[in-house]
Amino acid sequence: MLTSFYKMHGLGNDFVIFDERTGHLPLTPVRIAALAHRRRGIGCDQLVTLRPACAEGADVFVRFFNPDGSEAGACGNASRCVADLIWRQTGNRTPVLQTRAGCLPANIAPDGLVTVDMGEPQTQWQQIPLSDPLDTLSLPLVGSPAAVSMGNPHATFFVDDFSMLSQGSALEHDPLFPDRANIGFALVENPTRMRLKVHERGAGVTEACGSGACAAVVNAVRRGLVERICEVELDGGVLRIEWAANNHVLMTGSATMAFEGTVDLAAYAS
Ligand SMILES: N[C@@H](CCC[C@H](N)C(=O)O)C(=O)O
């Protein structure tokens, strides 16, 4: 039996989206990893599932899975894609996405750009989480990164070049991060613009990481490096991030439908 899916991307961070609103699909971690495989599966940075929302006011319950089969509490680029998809399906330009990190209101502007309210950053060591009660503004690692949770764990290194990118995997697995972490390398160009590369937990280096961009701006503001509205240039394109006065982080950027397809889930090991 064939199952439909959508293939979308946000600045080259690409997603396979399965709609489970009319019935659960047999998506085990092993099968998710097989489907996400770049050569043996459909291939994606994250696999996303949609279920009926159970929170009041929410339109859809969204879950995010990395290509290693692990689940993530948040994914900024996929959130924009799902908001765009809901708009295309229903005409609702202000869908609310229920996620494990809370309900995220979205807005699709007339020019097609999608803004998602990614919620409040969490800066306490237990919230990220870290292994020990440490100062999250300056962790005891070479390069002294800052840590924050945007619903998923992030550490941001402020760098002059991207030569540390190859250390991303080792840093993701550093014992300081009991749930592992997404590792960002931010090069601040001026108070309203930075370049960012992210080694994503469970996925490796991607063309863009939305929650990583939010984390980088939050950490840069905490360090006094940028203003609260900042453009983040990733390999796949630019996101506008605003850490608003109400403490919520607003992320704006594109969301693109690549294609729709069908797949025989039973052909992938579970
Ligand atoms: N691509 C994402 C983040 C996906 C989840 C991440 N790898 C994690 O494990 O937390 C984004 O755009 O935010």
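The numbering scheme is per chain: residues are counted from 1 as the chain's sequence reads. With pLDDT at 70 or above as the cut-off, local features in this predicted model cover only qualifying residues; side-chain atom pairs require 80 or more to be listed or tallied, and sums for whole chains, interfaces and linings still use all residues.

### A word on the domain arrangement of the protein
- The domain limits used here are those given by an automatic or database domain assignment. Split into domains, the protein comes out as domain 1 (3-108 + 255-267) and domain 2 (146-247).
- Placing a centre on the C-alpha atoms of domain 1 and another on those of domain 2 gives a separation of 22 Å.
- Placing C-beta atoms from the backbone, we regard two residues as in contact once those atoms come within 7 Å. Taken together, the contacts link 20 residues of domain 1 with 18 residues of domain 2.
- In terms of residues, the side of domain 1 that touches domain 2 owes the most to one element, helix α2 (residues 76-90), which gives four residues.
- Residue type decides the class: Asp, Glu, Lys and Arg count as charged, Ala, Val, Leu, Ile, Met, Phe, Trp, Tyr, Cys and Pro as nonpolar, and the leftover types, Gly among them, as polar. Tallied by class, the residues present in the side of domain 1 that touches domain 2 amount to six nonpolar, eleven polar and three charged. Per the convention used, a helix needs a DSSP run of H or I reaching at least four residues, while a strand needs a run of E reaching at least two, with both numbered from the N terminus.

### With respect to unusual backbone geometry
- Here the bond from Ile-128 into Pro-129 is cis, since omega is -10°, no more than 30 degrees from zero.
- Tracing the sequence through the fold places Pro-129 in the loop between β8 (114-117) and β9 (146-149).
- Even without a glycine there, the phi angle at Arg-180 is positive, about 65°.
- Within the element layout of this structure, Arg-180 appears in the loop between α3 (168-172) and β11 (182-190).
- The backbone of Asn-247 sits at a positive phi, close to 80°, despite the residue not being glycine.
- Looking at the element boundaries, Asn-247 is found in the loop between β15 (237-243) and β16 (249-253).

### Thoughts on the site of the ligand
- We count a residue as near a molecule or strand when its backbone-placed C-beta atom lies within 6 Å of that partner. For the ligand, the set of nearby residues contains 20 residues, the closest of which are Ala-72, Asn-77, Asn-152, Gly-210 and Ser-211.
- Contributing elements (two or more residues each) for the shell around the ligand: α2 and α4 (210-222).
- For the shell around the ligand, the element with the highest residue contribution is α4, accounting for three residues.
- Among the residues making up the shell around the ligand, the classes are represented as five nonpolar, twelve polar and three charged.
- In this structure, the shell around the ligand is formed jointly by two domains, domain 1 (3-108 + 255-267) and domain 2 (146-247), each of which donates at least three residues.

### Looking at the UniProt feature "active site" (unreviewed entry) in the protein
- Those places that UniProt annotates as "active site" (unreviewed entry) correspond, in this numbering, to Cys-75 and Cys-209. Look at the named residues: they lie 135 residues apart in sequence, but the longest C-alpha span between them is just 7.7 Å, so in the fold they bunch up.
- With respect to the helices, strands and loops of the structure, Cys-75 is situated in the loop between β5 (71-72) and α2.
- Once residues within four sequence positions are removed from consideration, Cys-75 is found in contact with Gln-46, Phe-64, Gly-210 and Ser-211.
- Along the chain, the position of Cys-209 falls in the loop between β13 (204-205) and α4.
- Residues within four places of Cys-209 in sequence aside, it is in contact with Asn-13, Asn-182, Val-198 and Glu-200. UniProt positions are given in the numbering used here, feature names are shortened, and annotations may be inferred rather than shown by experiment.

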